[in-house]
Amino acid sequence: MSHYTGPLLTRLVGEALLAARAAGNAEWKGSMDLGRSTGSASLQAEDWQWNGQRYPYPGKLKDRTIYYWDGEDFSSVSCFSHSLIKLVPTEWGAPTFEIDGIKMLPTSKESPFEDARRKVALVEPRGKVVLDTCGGLGYFAACCLEAGVARIQSFEKNPDVLWLRTINPWSPDPDAASSGGRLALNHADVSQAIAQVGDASVDALLHDPPRFGIAGELYSQAFYDQLARVLRRGGRLFHYTGSPNKLTSDRDVPREVAKRLEKAGFQAQLALDGVLATRR
């Protein structure tokens, strides 16, 4: 799918446009792509112009919502198939996303993009072939490309998340010149598709699955055995786990994951908010 190139509005950006018009300004300067770049909008009484195209002034915009131009109006970047999935702005620029109100990326202390960069650095992707099991918004993939990965294969099974990626300017475009043909994005369920990945064919793994209650198969011994099969000896895996149920039960998901990975043939240790493992 081609990537959206029009303006993206949040409540703060919409209010700034209206305030600039009310002040009699002929121009407003700022970002229309969630902080990726800055530019200027030419302001008239009835509409405004951005990159050569005219748009109406927005009506009342909601908090925690991003809007894109659908050809007729500014619509929220959200969709509902089986679940409500929406792109959500953050103070850091790079957005997170929610599924039925559950935030899928950490944003409380730093940008979700910076969070991804720290995790990607653990597997040292430069010059390597990397498998990204659960692509999400593509921040792991973007950071791998930035770090000089040789090739990255990414899987994402949710078509609505894939659509969010085409709107989000922080998500890498496999067809963009900046990707250099190094990113392969597959619409597939990795729990099944991994069977088609060759033995010892990847140098590093990034595994950022949904929580256990949603995708328990991605925490199973059978799946970890498959991860061990496709990763070359000495290759690194970072597995995001978070700490679900830590405050409400005695369950320790990171340590449970580490034990299963050890059984699959990894040497595992807790790192950041997950597990770093090396294929023995």
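Residues numbered from 1 in each chain as written. Predicted model: local features only at pLDDT ≥ 70, side-chain atom pairs only at ≥ 80, totals over all residues. Heavy atoms only, no water.

If you check an unreviewed UniProt entry, the protein chain appears there as Methyltransferase from Dyella japonica A8.

S.K.: How should I be thinking about the environment of Gly39 in this particular structure?
M.R.: For Gly39, the location among the structural elements is in strand β3 (residues 39-43). By relative accessible area, which is 25% here, Gly39 ends up partly exposed. C-alpha of Gly39 to C-alpha of Lys62: the two residues are 23 residues apart in sequence and 23 Å apart in space. If sequence neighbours within four positions are ignored, Gly39 has contacts with Trp28, Lys29, Gly30 and Trp50. (Helix = DSSP H or I, 4+ residues; strand = E, 2+ residues; numbered from the N terminus. Buried < 20%, exposed > 50% of the residue type's maximum accessible area, 1.4 Å probe, protein only. Contact = heavy atoms within 4.5 Å.)

S.K.: Can you walk me through the environment of Gly71 in this structure?
M.R.: Relative to the elements of secondary structure, Gly71 occurs in the loop between β6 (67-69) and β7 (74-76). In this structure Gly71 comes out as exposed when scored by relative accessible area, which is 52%. For the pair Gly71 and Leu162, spaced 91 residues apart in sequence, the C-alpha separation works out to 20 Å.

S.K.: Even after reading the chapter, I still don't get the sheet that holds strand β11 (residues 102-103), so can you show me in this structure?
M.R.: By definition, the strands of a sheet pair up through backbone hydrogen bonds, in either a parallel or an antiparallel sense. Spatial ordering of the open sheet is given by β8-β9-β10-β11, a layout of four strands whose pairing is antiparallel. Two strands lie at the open edges of the sheet, namely β8 (78-80) and β11, each paired on one side alone. The pairing of strand β10 (residues 96-99) with β11 spans two bridges and is antiparallel. The partner of Glu98 across the bridge, within β11, is Lys103. (Pairing = 2+ DSSP bridges.)

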